[in-house]
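# Structural overview
One-letter residues, chain by chain:
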Amino acid sequence: MEYTVLIHKDEKSGWYTGKCLQIPAAMSQGMTLDELMENMKDAIHLVLECYRDQLKTEYSGERIFYRKLAMA
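The present account deals with the structure reproduced in this document. Given the structure is predicted, the values throughout are model-derived calculations rather than measurements. (Residues numbered from 1 in each chain as written. Predicted model: local features only at pLDDT ≥ 70, side-chain atom pairs only at ≥ 80, totals over all residues. Heavy atoms only, no water.)

### Some thoughts on the overall build of the chain
Which entries qualify depends on this criterion: Starting at the N terminus, helices and strands are each numbered in turn, a helix being any DSSP run of H or I of at least four residues and a strand any DSSP run of E of at least two. Atoms counted for the radius of gyration: C-alpha only. Globule rule: 2.2 Å times residue count to the power 0.38. Two residues form a contact once any of their heavy atoms are found within 4.5 Å. What sets the accessible areas is the Shrake-Rupley method with a 1.4 Å probe; for residues, cover comes only from the shown protein chains.
Within the chain one finds one helix and three strands. Listed by position from the N terminus, the elements making up the chain come as β-β-β-α. Here the C-alpha radius of gyration of the chain, 16 Å, is well above what a compact globule of 72 residues would show, namely 11 Å. Counting only C-alpha atoms and orienting by the principal axes, one finds that the chain spans roughly 50 × 30 × 15 Å. In the chain, 16% of the contacts between residues at least 6 apart in sequence involve partners at least 24 apart. Element-wise, carbon and sulfur atoms account for 56% of the exposed surface of the chain, whose accessible area totals about 6400 Å².

### Digging into the nonpolar core
Definition in use: Residues enter a nonpolar core if they are buried and are Ala, Val, Leu, Ile, Met, Phe, Trp, Tyr or Cys, with the set joined through side-chain atoms within 4.5 Å. Any residue under 20% of the maximum accessible area for its type is buried, any over 50% is exposed, and the rest in between are partly exposed; the area is computed with a 1.4 Å probe on protein chains only.
Formed by Val-5, Tyr-16, Cys-20, Ile-23, Ala-26, Leu-36, Met-40, Ala-43, Ile-44 and Val-47, the largest nonpolar core amounts to 10 residues. Those elements that provide at least two residues to this core are β2 (16-20) and α1 (33-58). Top element by residues in this core is α1. It accounts for five residues. Setting aside chain neighbours within four positions, we find Ala-43 in contact with Ala-26, Met-27 and Ser-28.

### Description of the sheet that holds β2
The cut-off we apply is this: Any two strands are treated as partners once DSSP identifies two or more bridges connecting them. Where helices are involved, their axes are fitted lines through C-alpha atoms of the stretch in contact, as for all axes, and angles between N-to-C directions lie from 0 to 180°.
As summarised here, the arrangement of the three strands in space is β1-β2-β3, forming an open sheet in which the pairing is antiparallel. The open sheet has two free edges, formed respectively by β1 (5-9) and β3 (27-30), since each of these has just one partner strand. Across this sheet, the average inter-strand angle for adjacent strands is 20°, counted without regard to direction. Bridge count between β2 and β3: four bridges; the pairing is antiparallel. Bridge pairing in β3 places Lys-19 opposite Met-27.

### Topic: the state of the cysteines
Note the threshold: Throughout, disulfides are identified as pairs of cysteine sulfur atoms within 2.5 Å of each other.
Tallied over the full model, the rule gives zero disulfides. Left without a disulfide partner, Cys-20 is nearest to the cysteine sulfur of Cys-50, which lies 15 Å away.

Next comes the structure, spelled out in structure tokens:
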């Protein structure tokens, strides 16, 4: 799966910050672009894990299933 990350570099501090356009709650920072991108992977995984846990709690005891949706 690929995600688009909006990246900003703070000229004063030198830090890069990123925000995933598909998952706005996934944000991170890093001193280098490589560090930022690794941190973004962690942030995306954590947010998706949290969403899954919330849905399991919300629909506890009910029949649920997953289906993939491809977008062109």
